[in-house]
Amino acid sequence: MIARIQELLEEVEHLQASNAEEVEALRIKYLSKKGCINALMADFRNVPADQKKEVGMKINELKDKAQQKIAALKEAAETKDSTADDLDLTRTPYPIALGTRHPLTIVKNEIVDIFSRLGFTLAEGPEVEDDWHVYSSMNFADDHPARDMQDTFFIEAHPDIVLRSHTSSVQARVMERMQPPIRVICPGRVYRNEAISARAHCFFHQVEGLYIDKNVSFTDLKQVLLLFAQEMFGKGTQIRLRPSYFPFTEPSAEMDISCNICGGKGCSFCKHTGWVEILGCGMVDPAVLEANGIDSKTYTGYAFGMGIERITNLKYQVKDLRMFSENDTRFLEEFQAAN
Ligand code: DAH
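These remarks concern the structure in this document.

What counts, and where the lines are drawn
- Residues numbered from 1 in each chain as written.
- Predicted model: local features only at pLDDT ≥ 70, side-chain atom pairs only at ≥ 80, totals over all residues.
- Heavy atoms only, no water.
- Helix = DSSP H or I, 4+ residues; strand = E, 2+ residues; numbered from the N terminus.
- Rg over C-alpha atoms; globule rule 2.2 N^0.38 Å.
- Lys, Arg positive; Asp, Glu negative; His and termini not counted.
- Charge placed at Lys NZ, Arg CZ, Asp CG, Glu CD.
- Near = heavy atom within 4 Å.
- Polar contact = N/O pair within 3.5 Å; in protein donor to acceptor, adjacent residues only side chain to side chain.
- Areas by Shrake-Rupley, 256 points an atom, 1.4 Å probe, with all protein chains shown as cover.
- Buried < 20%, exposed > 50% of the residue type's maximum accessible area, 1.4 Å probe, protein only.
- Arc of directions from axis to C-beta.
- Disulfide = S-S within 2.5 Å.
- Axes fitted to C-alpha atoms, helices over the stretch in contact; angles between N-to-C directions.
- Parallel < 35°, antiparallel > 145°, perpendicular 65-115°, else oblique.
- Left-handed = near helix turned anticlockwise from the far one by under 90°.
- Contact = heavy atoms within 4.5 Å.

1. Points about the overall build of the protein chain
Here is step 1: Along the protein chain, the regular secondary structure elements total 12 helices and 10 strands.
Here is step 2: Taking 20 Å as the expected radius of gyration for a compact globule of 339 residues, we find that the protein chain reaches 40 Å, considerably beyond that expectation.
Here is step 3: With 39 positive and 50 negative side-chain charges, the protein chain shows a separation of 8 Å between the mean positions of the two kinds.

2. Describing the site of the ligand
Here is step 1: Neighbouring residues of the ligand: 15 residues in total, closest H166, S168, R192, Q206 and E208.
Here is step 2: Q206 places a side-chain nitrogen or oxygen 3.0 Å from an oxygen atom of the ligand.
Here is step 3: When the ligand is considered free in solution it has 350 Å² of accessible area, and contact with the protein chains removes 90% of it.
Here is step 4: Those elements giving two or more residues to the shell around the ligand turn out to be α8 (168-177), β6 (203-213), β9 (275-284) and β10 (300-307).

3. Observations concerning helix α3 (residues 36-43)
Here is step 1: Within α3, burial applies to C36, I37 and L40. Looking down the long axis of α3, one finds its buried residues gathered within 105° of arc, a one-sided arrangement.

4. Quick word on the state of the cysteines
Joining two cysteines, a disulfide is a covalent bond between their sulfur atoms.
Here is step 1: Going through the model one piece at a time under the given rule, you end up with zero disulfides.
Here is step 2: Looking at the unpaired C262, the closest cysteine sulfur is the one in C259, lying at 3.6 Å.

5. Details of the packing of helix α5 (residues 103-117) against helix α9 (residues 218-233)
Here is step 1: With their axes 10 Å apart at the nearest point, α5 and α9 run at an angle of 135° to one another. It follows from the interaxial angle that α5 and α9 lie oblique. In the packing of α5 onto α9, the handedness of the crossing is right-handed. Here V107, E110, I111, I114, F115 and R117 of α5 come into contact with α9, specifically with V224, F228, E231 and M232.

See below:
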């Protein structure tokens, strides 16, 4: 009997299992009611009295060892199973919620896309700009009241440095780098010191366009803007140009499109006129060309600038400008399909 117990002790010492089922099989074999240790217990009564103490202690030792070993194997199998689970590379993807593009990004991409098809390339400039690029190079005289129109943010201690109040500054950035033909589209963020409300914000987004070459005319401008309006808002969209004033263009105009919310019949969005203003434009003032190193006797050009929020409102009827910067995912997720 002692020899049999010794044999089992050795056997238990070397037990192995690679998963939970194998551990369970071992438990049944050694520790269950019908297991071999219980069988030894049953034989115990046949052990001669003088050996009972020694055999009894050995059986207890065997039982302890078996319990410890099987518990250790069980724990090892469980941790192994769970790590194997984490690393299952064949598992189907989790339903991970994807983000959505911001509505302003969607519309900006669409605007850039339309002008790219017409041969415009992207240009960018800094948001923290100097007075020269934002104003002086754009033909704003030092004491010109139009500077006040723009509610500029100045950088404290650097009165010459501002947060750009329009993307027209990128026109100057482009002209100082290259000679005509120039055909660029410049999207970006701009800043104005305005009280924040549903209809105004201290930052918003614009897209600037600039085309300079020989013989560029107002007709070219009008045709490109008509094409843009119809691509953006549908084939039936009409445009109208009203005379206006900007320091950097001469002549200058503002462009309205037939209201795409009411189809031109009149609604609260178009204040019952059937028309909504979407951009400013004009022929680049020769003084701007000269200030930026381009010969105004050889070249002419047109420029235009529009607010991306305004175009987005027209397309998606977002009533409150603040929605664009509040990061409310319920609002942003509404644009999932538009991606
Ligand atoms: N910079 C003007 C603004 O912020 C928009 C603008 C008007 C841009 C006419 C132009 C333009 O390029 O020709 O209101």
